[in-house]
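One-letter residues, chain by chain:
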Amino acid sequence: MPPPEPPPLPALTRAEAELIDRHLEAADLLGRVNPGRPGDTYRALSAAQALAGRAVELRDALALMHRRGETELHADTPARALRVLEGERRTARVTLPPDCGS
């Protein structure tokens, strides 16, 4: 049986969609660099190198929105899009893991 279909993405402007995509890509990379999580240094290094490029793309997405007169982020719709795109799971790796009583 195939997995259930995710809910549809809410209507976003192209700039909002770009912002959401770049934000999640940066969060994924930050999760790979997180020193509070296990992993090898090469993986963290390659993620950190890629993060620099994603930060530029994230900045550019926000600059485009600002130039177009989109001066406020209305969080409801982007938050729904982030949830559909598993933003909670993807950003959880950026935080510290639970303390295991060490």
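Just so we're clear, the structure is a prediction, and the values are computed from it rather than from any experiment.

Asks: I'd like to hear about unusual backbone geometry, residue by residue, with values.
Replies: With a phi angle near 60°, Glu 86 is a residue other than glycine that sits in the positive phi range. Accessibility expressed as a relative area gives 43% for Glu 86, which makes it partly exposed.

Asks: Please give an account of the side chain of Glu 16 that cites residues and values.
Replies: Relative to the helices and strands, Glu 16 resides in helix α1 (residues 14-33). For the buried Glu 16, no salt bridge is present, and the opposite-charge side chain at shortest range is Arg 68, 9.4 Å distant. Apart from residues lying up to four places away in sequence, Glu 16 is in contact with Ala 11, Met 65 and Glu 70.

Asks: Pulling in residues and values, what's your account of the environment of Glu 57?
Replies: With respect to the helices, strands and loops of the structure, Glu 57 is situated in helix α2 (residues 41-67). The sequence separation of Glu 57 and Asp 21 amounts to 36 residues, and the corresponding C-alpha distance is 9.8 Å. Apart from the residues within four sequence positions on either side, Glu 57 is in contact with Arg 22 and Glu 25.

Asks: Describe the packing of α1 against α2, naming the residues involved and giving the relevant values.
Replies: For the pair α1 and α2, the least separation of the axes is 8 Å and the interaxial angle reads 160°. One element, α1, and the other, α2, form an angle in the roughly antiparallel class. Crossing of α1 over α2 shows left-handed handedness. Taken together, the residues of the contact of α1 with α2 sort by class into 15 nonpolar, two polar and eight charged.

Asks: Lay out the pattern of salt bridges in plain terms, naming residues and giving numbers.
Replies: All told, the structure shown has nine salt bridges when counted by the stated rule. As a salt-bridge pair, Arg 59 and Asp 60 come within 2.9 Å of each other at their nearest N and O atoms. The salt bridge involving Glu 88 is made with Arg 83; its shortest N-O contact spans 3.8 Å. As far as the burial class goes, Glu 88 and Arg 83 line up, both exposed. Members of the salt-bridge network, linked through shared partners, are Glu 18, Arg 22, Glu 25, Arg 54 and Glu 57.

Asks: Before we move on, could you go through α1 and cite the residues and values that matter?
Replies: The end-to-end C-alpha distance of α1 is 29 Å, a good match for the 28 Å that 20 residues give at a rise of 1.5 Å each. Where α1 is concerned, the buried positions are Ala 15, Glu 16, Leu 19, Ile 20, Arg 22, Leu 24, Ala 26, Ala 27, Leu 29 and Gly 31. Turning to α1, the residues buried within the fold contact α2, α3 (76-84) and α4 (87-92).

Rules of the game
- Residues numbered from 1 in each chain as written.
- Predicted model: local features only at pLDDT ≥ 70, side-chain atom pairs only at ≥ 80, totals over all residues.
- Heavy atoms only, no water.
- Buried < 20%, exposed > 50% of the residue type's maximum accessible area, 1.4 Å probe, protein only.
- Helix = DSSP H or I, 4+ residues; strand = E, 2+ residues; numbered from the N terminus.
- Lys, Arg positive; Asp, Glu negative; His and termini not counted.
- Salt bridge = Lys/Arg side-chain N within 4 Å of Asp/Glu carboxyl O.
- Contact = heavy atoms within 4.5 Å.
- Axes fitted to C-alpha atoms, helices over the stretch in contact; angles between N-to-C directions.
- Parallel < 35°, antiparallel > 145°, perpendicular 65-115°, else oblique.
- Left-handed = near helix turned anticlockwise from the far one by under 90°.
- Nonpolar A, V, L, I, M, F, W, Y, C, P; charged D, E, K, R; others polar.
- Expected span 1.5 Å × (residues − 1).

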